[in-house]
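Listed here are the chains, written in short residue letters.
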Amino acid sequence: MNRKVIVVGGGLAGLMSTIQLAERGQKVDLFSLVPCKRSHSVCAQGGINAAVNTKGEGDSTWEHFDDTIYGGDFLANQPPVKAMIEAAPKIIYLMDRMGVTFNRTPEGFLDVRRLGGAKYSRTVFAGATTGQQLIYALDEQVRRYEDAGLVQRYEEWEFLSLVLDNEGRCRGITVQSLTSLEIEAFAADAVILATGGPGMIFGRSTNSTINTGFAAASAFMQGATYANGEFIQIHPSAIPGRDKLRLMSESIRGEGGRVWVYKDGKPWYFLEEWYPAYGNMVPRDIATRAIFKVCVDLKLGIGGENKVYLDISHLDPHEIDRKLAGVVDIYEKFVGDDPRKVPMQTFPAVHYSMGGLWVDYDQMTNIPGLFAAGECEYQYHGANRLGGNSLVAAIYAGMVAGPKALEYVKGLAKSHSDLPVGLFDEAKAKEEAKKTAIFALQGKENPYRLHQELGNWMLENVTIVRYNDRLRKTDEKIQELMERYQNIGVGSGAAWGNQVVPFTRRLWGMLTLARVITLGALRRDESRGAHYKPDFPERDDENWLKTTKAEYSANDILFSYEPVDISYIKPRKRRYDVAKEVTMQNEQ
Amino acid sequence: MSNETPKEVALLIKRCPNPQATAYWEEFKVPYYPKMNVVSALMEIQKNPINARGESATPVAWDCNCLEEVCGACTMLINGRVRQACSTLVDMLSQPIRLAPLSKFSLVRDLVVDRQVMFTNLRKVKAWIEIDGTYDMGPGPNISQKVQEQAYELSKCMTCGSCLEVCPNVNSKSKFIGPAAIAQVELMNSHPIGAQQKEARLQALMGEGGIAECGNAQNCVKACPKNIPLTRSIARLNRATTVQGLKNWLNR
Ligand SMILES: Cc1cc2nc3c(=O)[nH]c(=O)nc-3n(C[C@H](O)[C@H](O)[C@H](O)COP(=O)(O)OP(=O)(O)OC[C@H]3O[C@@H](n4cnc5c(N)ncnc54)[C@H](O)[C@@H]3O)c2cc1C
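Note that the structure is predicted; figures quoted are calculated from it, not measured.

1. Quick notes on the domain arrangement of chain A
Residue and element names in this part refer to chain A. For chain A, the assigned domains read domain 1 (237-348) and domain 2 (424-563). With centres defined by C-alpha atoms, the gap from domain 1 to domain 2 works out at 31 Å. Summed over both sides, the interface between domain 1 and domain 2 buries roughly 470 Å², with carbon and sulfur atoms accounting for 77% of that surface. Looking only at domain 1, the three residues that lose the most surface to domain 2 are Asp285, Arg289 and Phe292, adding up to 78% of its buried area. In this structure, the connection of domain 1 to domain 2 is made through 0 salt bridges. Run the count over domain 1 and domain 2 and you get 1 residue pair in polar contact (both at pLDDT 80 or more). Among the elements that take part in the side of domain 1 that touches domain 2, helix α8 (residues 284-297) stands out by supplying 4 residues, more than any other. Considered class by class, the residues forming the side of domain 1 that touches domain 2 number 2 nonpolar, 1 polar and 2 charged.

2. Describing the site of the ligand
All names here are of chain A. Around the ligand there are 38 residues in total, and Ser39, Ser41, Phe159, Glu375 and Ser390 lie nearest to it. In the model, an oxygen atom of the ligand is placed 2.6 Å from a nitrogen or oxygen of the glutamate 375 side chain. Between the ligand and the protein, one listed contact pairs an oxygen atom with a backbone N or O atom of glycine 388 at 3.4 Å. Relative to its unbound accessible area of 1,000 Å², the ligand is 98% covered by the protein chains. Contributions of two or more residues to the shell around the ligand are made by α1 (12-23), β2 (28-32), β7 (157-164), β17 (344-353) and α10 (389-410).

3. Here we look at helix α14 (residues 500-523) of chain A
With 24 residues, α14(A) should cover 34 Å at 1.5 Å per step; its first-to-last C-alpha distance of 35 Å lies within 8% of that length. When you tally the buried positions in α14(A), you get 22 out of 24 residues, the bulk of the element.

4. A closer look at the nonpolar core
One broad rule of soluble globular proteins: the nonpolar side chains tend to lie buried together. By size, the foremost hydrophobic cluster in this structure holds 155 residues, and its most contacted members are Ile48(A), Met95(A), Phe102(A), Leu134(A), Met248(A) and Phe270(A). Broken down by element, this core gets its largest block of residues, 13 residues, from α10(A). Those residues in contact with Phe102(A) that lie beyond four places of it in its chain are Ile48(A), Ile92(A), Met95(A), Asp96(A), Leu110(A), Val124(A), Phe125(A), Ala126(A), Leu134(A) and Gln148(B). With 68 residues, the next largest nonpolar core counts Phe186(A), Met200(A), Ile234(A) and Leu507(A) among its residues.

5. Focus on the interface of chain B and chain A
Chain B puts 77 residues into the contact, and the matching count from chain A is 70 residues. Between chain B and chain A, the buried area comes to about 6,000 Å², and carbon and sulfur atoms account for 49% of it. Taken as a group, Asn65(B), Glu68(B) and Thr134(B) account for 12% of the area that chain B buries against chain A, more than any other trio of residues on that side. On inspection of chain B and its partner chain A, the count reaches 6 salt bridges. Glu149(B) serves as the salt-bridge partner of Arg322(A), at 3.2 Å between the closest nitrogen and oxygen.

Scoring rules and cut-offs
- Residues numbered from 1 in each chain as written.
- Chains lettered and ligands numbered in written order.
- Predicted model: local features only at pLDDT ≥ 70, side-chain atom pairs only at ≥ 80, totals over all residues.
- Heavy atoms only, no water.
- Domains from an automatic or database assignment.
- Buried area = accessible area lost by both parts, 1.4 Å probe.
- Salt bridge = Lys/Arg side-chain N within 4 Å of Asp/Glu carboxyl O.
- Polar contact = N/O pair within 3.5 Å; in protein donor to acceptor, adjacent residues only side chain to side chain.
- Helix = DSSP H or I, 4+ residues; strand = E, 2+ residues; numbered from the N terminus.
- Nonpolar A, V, L, I, M, F, W, Y, C, P; charged D, E, K, R; others polar.
- Near = heavy atom within 4 Å.
- Areas by Shrake-Rupley, 256 points an atom, 1.4 Å probe, with all protein chains shown as cover.
- Expected span 1.5 Å × (residues − 1).
- Buried < 20%, exposed > 50% of the residue type's maximum accessible area, 1.4 Å probe, protein only.
- Core = buried A, V, L, I, M, F, W, Y, C linked by side-chain atoms within 4.5 Å.
- Contact = heavy atoms within 4.5 Å.

This is the structure in structure tokens:
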């Protein structure tokens, strides 16, 4: 039978899915907004987690699993997380064989460092550009399969919508060339979405500009369930820019960086004081809230602003160059100071989405034949992600999605080539009509300014600290923006190479997902991981140890909740002022 | 320049709606902010596409993605020099800031060019490691810190095209693959597993458009934003291909 699988996304998750399929002889069409090598995964600095235990600290996959579940405040389904953690060391060895230039110990083994929420050094890294090195290695393997005729790449093509057959199965996609703006429909027997995170919904974040979440939003509007949208990670340390908030990796603290502000004229290392067991290595949600408290409640931020010092000036400059050069360069380039000499000034920024498309343990969404992998799905991080766990989750999800998609395809009674062409013509015609409608928008609103307004509201009201009245107002605002959207003016530019029209389409997706995030947060009356409400400061397992599931129905968003599989580790109170062992004893 | 804080930034942008059209220059003025980069200036134009004469302009097309100089997308000519628009700060430039697309690649629109040829070149030189498969084979080879450090320098290449842009031997009449792909051959050949396919890559470099077309102008190494020792790679591979050529001749 003539089989075809489509992968949308050329980041870590999409490339690994593609490799898995090609390795099994399956032909793949691979789509990406940008040449795969320029995908957002290049930004990852700190490293990738696996309990390789090359420092004799006695780390184990069980410890890594427990840290991940505990760090995620028990919201993740445990079986897939356990499987991922157990696969992690093998993933590192594989990436090493593919030529990733991981840092080495003096004897030539894989070097490891510590990231937040862990007591062990289990983060493997390639300088401070780990994501770049990982994606290049996978891109090279895909190029090899391209050379062998198994993979056809479509770079600078944008996924627009799913093609669903009359049984509700996913049978292909519509796409648009970002050069000519022409629209095409591609048929397939299964589709894997690996389209990354939605950081741009918050205007500026640590994310790349293509991270609008449009692909996930589009699938959502066609019936895919979106899970745990309200869980958005705010990273404690970034530097401000008008175009982007640039991340200052957690690995800076992992290598000995200390966070402080002046109090009574002296440096005050508040993380070390408040969390003696973990110090500067507390997880991100904890560090971010502590910084918020210091800057907003205690008004001790640098110069009265929401900024704190992140200090590595006491470290050996040679070691900094070997292990942190990538980030230190960014700081020097954009701020102008040398962190080897002067403490850096950083502040929290939107960084990562724990939520995403709902998938089962085979990475399949609720739409048969539609799979999802990587940051665009929700499976591996619960209510808060540990540093270094996302790279491994993206690669692992690709390792599952590829083979599972193939298994699914093999079980199909009909091939995509047996379907009526009308199905694809119709899908294409629908997108053509949408395109025409966007070109016809000639009102007064500028889409980029509308986007900025959305970002400002989301940033103000749906990040570190959340209040129900403000969440309600934000949702009203988003709906107002959706009305004003109809009055956008896209200008008179021709179709060729036009960037305003595709951006305007993405903006609708961002607005839709912004509602999913905001309404999910409004409903969840508790505090868990990255989701914090001062009016409901405690975790409430009785009512909220549940996955949020959002569905789209006739322009409305419906919510339902699903119990979490906690079959391995019983939920216990999460605290970082004491060692984890103490929290376990308290439970007994 | 005076010590007063400027209120505006003047940009002169080379515009061209498509490859068949004739290019023209259009001036824009955008608000100034301390430490702003060229990307932020371009973003201001997106939000207010009005040119310096107060006429509404078609929005400027330009590429960007990571905004922290690791993806390579926003490479363009800034005041005549090849640079990334994200890491180029306005304060360091004389005004009006002249922005033009890379000249060695085919134009799409305004500042956007098509750099697919660089990926095709990576394919030509087989810039990948031939692993048996992705199944579990246990730990990879032991590698010394020294070898890792040298390889890491080369692995930072973001295929931005700066080195091709400044190379006199990369032009419409030549098929020269350029320095970036050559350095990737050195990277792959220096890996213990990659070394097993060393000869195939050297053969590729000895073909048309290969290393022999380097004229040793040494512009590439100066233009590389990641300070990759491109000329060192070229020199090493020059020797290696000579040896390979001799072997080929002896084994005829
Ligand atoms: C600054 C920064 C540093 C980080 N550091 C770390 C770290 O040290 N360790 C760690 O574990 N994690 C880190 N993360 C998180 C991690 O990098 C990401 O979560 C991960 O790389 C996501 O991989 P992905 O494959 O899911 O998506 P991405 O790499 O974002 O790829 C998405 C792909 O989908 C394509 N795409 C999207 N939409 C469409 C569409 N509509 N049509 C066609 N193609 C589309 C894009 O072109 C792209 O190829 C960091 C994140 C940031 C922002």
